[in-house]
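# Notes for the structure review
Read off the chains here:
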Amino acid sequence: MTARMLNSLDLEGRPEDTRIVVAMSGGVDSSVTAALLKSQGYDVVGITLQLYDHGAATHRKGACCAGRDIHDARNVAERIGVPHYVLDYESRFKESVIDNFADSYALGETPVPCIECNRSVKFRDLLATARELGAQALATGHYVASRRLGDGSRSLVCAADADRDQSYFLFATTREQLDFLRFPLGDMTKPQTRELARRFGLEVADKQDSQDICFVPTGRYTDIIGRLKPSAIAPGEIVDLDGHVIGQHQGIVHFTVGQRKGLGIAAGSPLYVVKLDAATRRVVVGPREALRMDRIALRDVNWIGDGALDRVIGDGIEIYVRVRSTRAPQPAWLRAADGGYEVELVVGEEGVSPGQACVFYDAPSGQARVLGGGFIRSASASRVARAAPRDALEAVRG
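Source: prediction; values computed, not measured.

### Concerning the side chain of Asp125
- Tracing the chain through its elements places Asp125 in helix α4 (residues 113-132).
- Setting aside its immediate chain neighbours within four residues, Asp125 contacts Tyr89, Arg92 and Ser120.

Okay, structure coming up:
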């Protein structure tokens, strides 16, 4: 039997017979994705999600998914000649993302709402809607790529443009979702994307990229958390590593692990937030050396490497991990522990914060394959560096 030809999206059939739903946020990346696929002959349908009450954010620079973005997405769809729909996902977004965000902060964590949005809204609810519309794939403007594997399934790999790579925010994507998702910009650079936007005559070619947290129109996330979780803004004590009280604070929501500024404490040497204890409302501070952790306990682990994780992990797997989106992957061991999984960092990492993601890769750089990841439940040091300059703490206590 003759093998059927695959189109540019690794799908069977001619582009004109292949319906693709494009998630259109109104920004340049998703707009170019839609225009590029339309130019290649695909049956493109654009969908924009209204995720929150965007009135206050309509004219704020750097806010994604705001009222202006919906307007821009509609204009792009009209320009390239594709149908466009706006879907009200506000209640789903609040339940899956905003409430989760507030809960996490109240627990003393530092959450990453973009990950939860991708996992719970875009790649779950929107993907299901795309299937209902008869689409063969859902395409997005994320800077990440996927590759067809020998068995026909797909792997997730880092973007060609390392400065724009968004793989950290997509680690929770499942194998089933990867089979249906496509990322046309994964092998492009941002300048190339903007140049394509100009060629297609899109008004958003030079539009500013989205920044900050999309559902916080004022830029003050503490306002939302204080309204949803008042306990997170209750005052408490600032203590040193030995539990001595050295100051007061106005809510753990104002702090994150690794923070140095804004502590309100005068000391002889710099102090950093080492731990947030939500139960006692205590902020634990110490010298920089106390920030270095080398063991990370994980929750909600997603594995998209080869095989089933429980079968391949054995005594441990050598991988590379990224504990914050702005940091480079570093070598580590992934092991089973206490009914779950933990990561042991070879050289340790500063400022490992519960609630952030720990993402697995098969290489430290380039278009490395994403093997999955998990959320950081806790971090500890097997080699605790407490022989720090204690004069800083003594100076505070007097």
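### Brief notes about the environment of Gly236
- Note that Gly236 resides in strand β8 (residues 236-239).
- Under the relative-accessibility criterion, Gly236 is labelled buried at 9%.
- Sequence-wise, Gly236 and Gln177 are 59 residues apart; in three dimensions their C-alpha atoms are separated by 43 Å.
- Beyond its immediate chain neighbours, meaning those up to four positions away, Gly236 contacts Gly247, Gln248, His249 and Arg281.

### As for the pairing of strand β15 (residues 340-350)
- Taken together, the six bridges between strand β12 (residues 292-303) and β15 define a ladder with antiparallel strand orientation. Bridging from a neighbouring strand, Arg295 pairs with Glu344 of β15.
- As paired strands, strand β14 (residues 330-337) and β15 are joined by six bridges and run antiparallel to one another. Note on β15: the bridge partner recorded for Ala337 is Gly340.
- Between β14 and the antiparallel strand that follows it, β15, lie two residues; Asp338 among them carries a positive phi value of about 55°.

### Let's talk about the packing of aromatic side chains
- One pass over the full model with this rule turns up eight aromatic pairs.
- Seen from their ring centres, Phe101 and Tyr105 are 5.2 Å apart, and the 70° between their planes marks the pair as edge-to-face. Within this pair, Phe101 and its partner Tyr105 are both found in helix α3 (residues 90-106), separated by four residues, close to a single helical turn. The exposure classification of Phe101 matches that of Tyr105, with both residues buried.
- Linked through ring pairs, Phe93, Phe101, Tyr105, Phe215 and Tyr221 together constitute an aromatic cluster.
- Above the plane of the ring of Tyr89 lies Arg92, whose end atom (NZ or CZ) is 4.1 Å from the centre.

Rules of the game
Residues numbered from 1 in each chain as written. Predicted model: local features only at pLDDT ≥ 70, side-chain atom pairs only at ≥ 80, totals over all residues. Heavy atoms only, no water. Helix = DSSP H or I, 4+ residues; strand = E, 2+ residues; numbered from the N terminus. Contact = heavy atoms within 4.5 Å. Buried < 20%, exposed > 50% of the residue type's maximum accessible area, 1.4 Å probe, protein only. Pairing = 2+ DSSP bridges. Phe/Tyr/Trp six-rings, centres within 6.5 Å; stacked < 30°, edge-to-face > 60°. Lys NZ or Arg CZ within 6 Å of the ring centre and 35° of its normal.

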